[in-house]
Amino acid sequence: DTAVSQTPKYLVTQMGNDKSIKCEQNLGHDTMYWYKQDSKKFLKIMFSYNNKELIINETVPNRFSPKSPDKAHLNLHINSLELGDSAVYFCASSKSGTGGPNTGELFFGEGSRLTVL
Amino acid sequence: AQSVSQHNHHVILSEAASLELGCNYSYGGTVNLFWYVQYPGQHLQLLLKYFSGDPLVKGIKGFEAEFIKSKFSFNLRKPSVQWSDTAEYFCAVTRGGYNKLIFGAGTRLAVHP
């Protein structure tokens, strides 16, 4: 069973289109994230939700809108896609809190490779 | 601002060579430290982590890392690498109590048979 699953794995689309990536985790975690990995493999956090509440919102264009319908799901919708949005988007989840052996450890999905033409 | 520096961007080794990848962070408070590995075409997997206690941490696949607080460092080591260790290695840090994981730029390791 995949702990953090993302769909689709590959997405090729034209500039200006709108697309969504979905993420689901079955680990019982209460915090979920979206990270962007660029062509140089640099990973940058975009958003984080804790119990469906947005807690981290880095300087991401407002064309990117995350939505968390429940603790186990975090979707990413992107409007008016641009060439620079081409990247691999990783979803991750973790257990929040200040104690415990797994606090702060993120579990990643397999990534969704977005190519904007 | 909190940052993570990985000094080696690209490392090439022969099998059985020893490995040490450097990682330094800038945050001065309580931190949690991680090394993640990304094999070609795959997602990130946790190699090892440090939260507290013994500063020498052992992880999977024979990797270990040492937390040196005075040097703000968390270097990754393996005494003898294998071809299958070819991957991208990421050091990452969170502040104690917060789950915002900040990654270094990554080190690409290529191991030749």
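Look up a bit, the structure's there.
Residues numbered from 1 in each chain as written. Chains lettered and ligands numbered in written order. Predicted model: local features only at pLDDT ≥ 70, side-chain atom pairs only at ≥ 80, totals over all residues. Heavy atoms only, no water.

Enquirer: I tried to follow the interface of chain B and chain A on my own but got confused; where do I start?
Expert: Interfaces are often sized by the accessible area lost when the parts come together. Taken together, the contacts link 21 residues of chain B with 26 residues of chain A. Of the roughly 1800 Å² buried between chain B and chain A, counting both surfaces, carbon and sulfur atoms make up 57%. Counting across the interface, chain B meets chain A through one salt bridge. Put simply, E105 of chain A and K49 of chain B hold a salt bridge, and the shortest N to O gap is 2.6 Å. (Contact = heavy atoms within 4.5 Å. Buried area = accessible area lost by both parts, 1.4 Å probe. Salt bridge = Lys/Arg side-chain N within 4 Å of Asp/Glu carboxyl O.)

Enquirer: Can you walk me through the state of the cysteines in this structure?
Expert: Where two cysteines share a covalent bond between their sulfur atoms, that bond is called a disulfide. Residue and element names in this part refer to chain A. Taken as a whole and assessed by the stated rule, the structure comprises two disulfides over all chains. The disulfide partner of C23 is C91, and the gap between their sulfur atoms is 1.8 Å. Negative torsions about the S-S bond denote left-handed disulfides, and the value of about -80° found for C23 with C91 makes this one left-handed. Of the two residues, C23 is situated in strand β3 (residues 19-25) and C91 in strand β9 (residues 87-94); the sequence distance between them amounts to 68 residues. Like C23, the residue C91 is buried in the burial classification. (Disulfide = S-S within 2.5 Å. Helix = DSSP H or I, 4+ residues; strand = E, 2+ residues; numbered from the N terminus. Buried < 20%, exposed > 50% of the residue type's maximum accessible area, 1.4 Å probe, protein only.)

Enquirer: How should the layout of surface pockets be read in this particular structure?
Expert: Unoccupied space between atoms shows up once a probe the size of one water molecule is rolled over them. Roughly 380 Å³ of volume is contained in the largest pocket. Residue lining of the largest pocket: 19 residues in total, with V88, F90, E110 and R113 of chain A together with G41 of chain B positioned closest to the centre. Those elements that place two or more of their residues in the lining of the largest pocket are β9 and β11 (112-116) of chain A. Counted by class, the lining of the largest pocket contains five nonpolar, nine polar and five charged residues. (1 Å grid on protein atoms, 1.4 Å probe; cavity = no way out; pocket = protein on both sides within 12 Å on 5 of 7 lines; lining within 4 Å. Points joined across faces, edges and corners; volume = space filled by probe spheres on them. Nonpolar A, V, L, I, M, F, W, Y, C, P; charged D, E, K, R; others polar.)

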